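Residues per chain, in single letters:
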Amino acid sequence: MTKFVLALDQGTTSSRAILFGHEGRVHAVAQQEFPQILPSPGHVEHNPEDIWQSQLAVAREVLEKSRTAATDVAAIGITNQRETTVLWERDTGKPVANAIVWQSRISAGICERLRADGLEPMFRRKTGLVVDAYFSGTKIKHLLDTIPGLRAQAAAGKILFGTVDSFLIWRLSGGRTHVTDVSNASRTLLFNIHTQEWDDELLQALEVPRAMLPEVRSSSEVYGQTAAEIFGAPVPIAGDAGDQQAATFGQACFEVGAAKNTYGTGCFMLLNTGEKPVESRNNLLTTIGWKIGGKTTYCLEGSVFIAGAVVQWLRDGLGIIKTSGEVEQLAASVPDTDGVYLVPAFVGLGAPYWDPYARGTIVGLTRGTTAGHIARAAVESMAFQTRDLVEAMRKDAELNLAELKVDGGASINHALMQLQADLLGTKVRRPVVAETTALGAAYLAGLAVGFWKDLADVARNWALDCEFTPQLPAVEREERYRHWLRAVERSRDWAPHEHTAS
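Nothing here was measured: the structure is a model prediction, and the numbers come from that model.

What to know about empty space enclosed by the protein
Stage number 1. Considering all chains together, one arrives at three cavities of 30 Å³ or more under this definition.
Stage number 2. Lining of the largest cavity is provided by 14 residues; of these, V433, L439, N461, W462 and A463 occupy positions nearest its centre.
Stage number 3. When grouped by side-chain class, the residues that make up the lining of the largest cavity number nine nonpolar, three polar and two charged.
Stage number 4. Counted as a void, the second largest cavity has a volume near 60 Å³.

Some remarks on the sheet that holds strand 3 (residues 26–33)
Stage number 1. Strand order in this open sheet of six strands is 3-2-1-5-14-13, and the pairing throughout is mixed. With partners counted over all chains shown, the strands left at the sheet margins are strand 3 and strand 13 (220–225), one partner each. Across the sheet, the mean angle from the axis of one strand to that of its neighbour is 25°, orientation sign disregarded.
Stage number 2. Summarising the sheet, strand 13 and strand 14 (residues 236–242) pair through three bridges and their orientation is antiparallel. Considered in strand 14, the bridge of G224 is made with I237.
Stage number 3. Seen against the sheet, helix 10 (residues 243–250) touches strand 5 (73–80) and strand 14 and runs at an angle of roughly 100° to strand 14.

Observations concerning the sheet that holds strand 17 (residues 285–292)
Stage number 1. Strand order in the open sheet formed by seven strands is 17-18-16-15-21-22-23, and the pairing between neighbours is mixed. The open sheet has two edge strands, strand 17 and strand 23 (464–468), and neither has a second partner. Within this sheet the neighbouring strands show an average axis-to-axis angle of 30°, counted without direction.
Stage number 2. Looking at chain direction, strand 17 and strand 18 (residues 295–304) are connected through seven bridges and run antiparallel. In the strand pairing of strand 18, W290 is matched with T297.

Things to note about the pairing of strand 6 (residues 85–89)
Stage number 1. The element strand 6 is largely enclosed, with a buried count of four among its five residues.
Stage number 2. Direction of pairing for strand 6 relative to strand 8 (residues 159–163): antiparallel, over a ladder of five bridges. Opposite E89, over in strand 8, you have I159 as the bridge partner.

Considering the nonpolar core
Stage number 1. Counting residues in each nonpolar core, the largest one holds 100 residues, and the members touching the most others are L87, F123, M212 and Y263.
Stage number 2. Filtering out sequence-adjacent residues up to four positions away, M212 remains in contact with L87, I140, L144, A154, I159, L160, F161 and H178.

Digging into the layout of surface pockets
Stage number 1. Roughly 1100 Å³ of volume is contained in the largest pocket.
Stage number 2. Y263, G264, T265, G408 and G409 are, among the 45 residues lining the largest pocket, the residues nearest its centre.
Stage number 3. If one sorts the elements of the lining of the largest pocket by residue count, helix 11 (residues 309–318) sits on top with four residues.
Stage number 4. In terms of residue class, the lining of the largest pocket is built from 14 nonpolar, 21 polar and ten charged.
Stage number 5. What lines the second largest pocket is a set of 22 residues, among which Q36, L38, Q103, A309 and Q312 lie closest to the centre.
Stage number 6. In terms of residue count, helix 11 provides more of the lining of the second largest pocket than any other element does, six residues in total.
Stage number 7. For the lining of the second largest pocket, the per-class residue count stands at nine nonpolar, ten polar and three charged.

Each value, and the rule that gives it
- Residues numbered from 1 in each chain as written.
- Predicted model: local features only at pLDDT ≥ 70, side-chain atom pairs only at ≥ 80, totals over all residues.
- Heavy atoms only, no water.
- 1 Å grid on protein atoms, 1.4 Å probe; cavity = no way out; pocket = protein on both sides within 12 Å on 5 of 7 lines; lining within 4 Å.
- Points joined across faces, edges and corners; volume = space filled by probe spheres on them.
- Nonpolar A, V, L, I, M, F, W, Y, C, P; charged D, E, K, R; others polar.
- Pairing = 2+ DSSP bridges.
- Helix = DSSP H or I, 4+ residues; strand = E, 2+ residues; numbered from the N terminus.
- Axes fitted to C-alpha atoms, helices over the stretch in contact; angles between N-to-C directions.
- Contact = heavy atoms within 4.5 Å.
- Buried < 20%, exposed > 50% of the residue type's maximum accessible area, 1.4 Å probe, protein only.
- Core = buried A, V, L, I, M, F, W, Y, C linked by side-chain atoms within 4.5 Å.

Written out as structure tokens, the structure is:
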């Protein structure tokens with residue numbers, strides 16, 4: 001009997017590998033940061049070789065340090081930063097350019113033209129997404145438009161596109177398997193979430209050759225095997241989901257109306273809406289959660305671009321803390337923000353505003369403002385942005401959240417989670433296993449090979465670590481939220497509009 005499932009969690013700032021046992025607990029973990037490339041304001045890139053090398057290194061490290069042989073691993077599940085776009089040569093596997101990261105606004109000009117041409121309603125109807133630089137499709141178009149001769153090569157089938165999961169599976173399988181799953185495909189602006197196929201009309205609008213695209217599969221099935229030389233023996237690659245869908249799965253949000261919020265680099269809230277997609281009237285995204293055994297689960301999603309990344313900015317940009325861990329203490333050095341609000345629109349605003357030209361703003365500064373007030377306002381911005389998402393979800397799904405499950409790095413901050421409960425007027429529940437993104441990928445892979453029997457088997461593993469109940473009077477809650485909305489308004493439409501060459 002194999003003992004473990006290996007989850008490869010390829011994130012925006014680091015790659016991680018985690019071994020999970022049958023009870024869904026972490027057996028061993030390895031993590032490695034890799035460089036962020038910031039060529040100009042609002043543009044974010046990664047070197048795909050850094051992504052691959054760091055992910056391969058931690059996968060090998062976690063097996064080595066836990067003394068686990070490849071033959072003891074039932075399957076590998078992959079989860080990834082979702083919309084980040086990689087193009088590589090079919091023959092050599094070599095990337096043709098840096099990966100364009102989901103946060104990057106480099107294709108904002110392309111999006112403006114698509115909207116000006118009246119194409120947004122078609123994109124919304126077919127993909128469930130808004131036309132925004134966040135998604136992969138316009139990033140592919142930008143690369144094909146700006147690298148001489150690339151579009152012709154792509155049309156000839158010599159260049160492949162993938163989100164990070166596809167690139168990793170291609171490399172792990174020794175160049176034999178070019179696939180993605182429905183959850184990642186649903187984030188590209190190229191995939192029709194109703195027919196669950198790449199859509200010719202969308203491909204034509206973005207001038208993306210079909211020959212580049214991976215085969216779209218379910219989120220839980222055996223896609224192929226790792227090349228034997230990678231881990232010493234072949235291991236089935238059997239689970240694949242974008243990070244936020246994987247976290248929703250890892251949180252066992254299997255019932256309609258169940259919701260989770262992940263506090264990572266960004267903040268991502270997903271609400272399970274069942275087997276039918278719910279069209280958003282409030283600027284949320286309709287997305288595929290996962291597909292298992294022919295059954296598709298849809299979600300409503302709200303995406304906040306900067307959450308935990310605001311703490312990195314306090315450390316690297318302002319220099320008011322030396323390590324991210326110091327933020328809680330600094331924020332706690334003052335009883336409140338003294339009227340200071342920080343809107344971290346460093347790369348524009350995501351849901352429900354979708355304003356690529358918004359920029360970071362601090363309002364309410366006085367001579368009495370200290371680093372503590374700014375740190376506290378930065379931390380609180382995560383909770384306020386989450387309230388923005390919940391408001392939109394309440395309207396779209398016409399339901400009040402009974403509870404919110406939380407995970408991600410910042411969810412360990414007690415003060416933040418209490419504030420979140422206070423601002424929502426809803427219970428906030430944090431599980432024992434905070435690594436829900438990796439856990440979701442592990443579950444999807446394990447279900448495909450029989451390591452776990454069914455969803456009930458998975459759901460039994462969820463265990464509560466801490467529950468936060470609202471303590472703030474409703475009047476105060478609404479007053480603070482009203483001030484937040486005023487601060488957001490001041491950050492909107494600030495940067496000059498870009499008009500990049502087509």
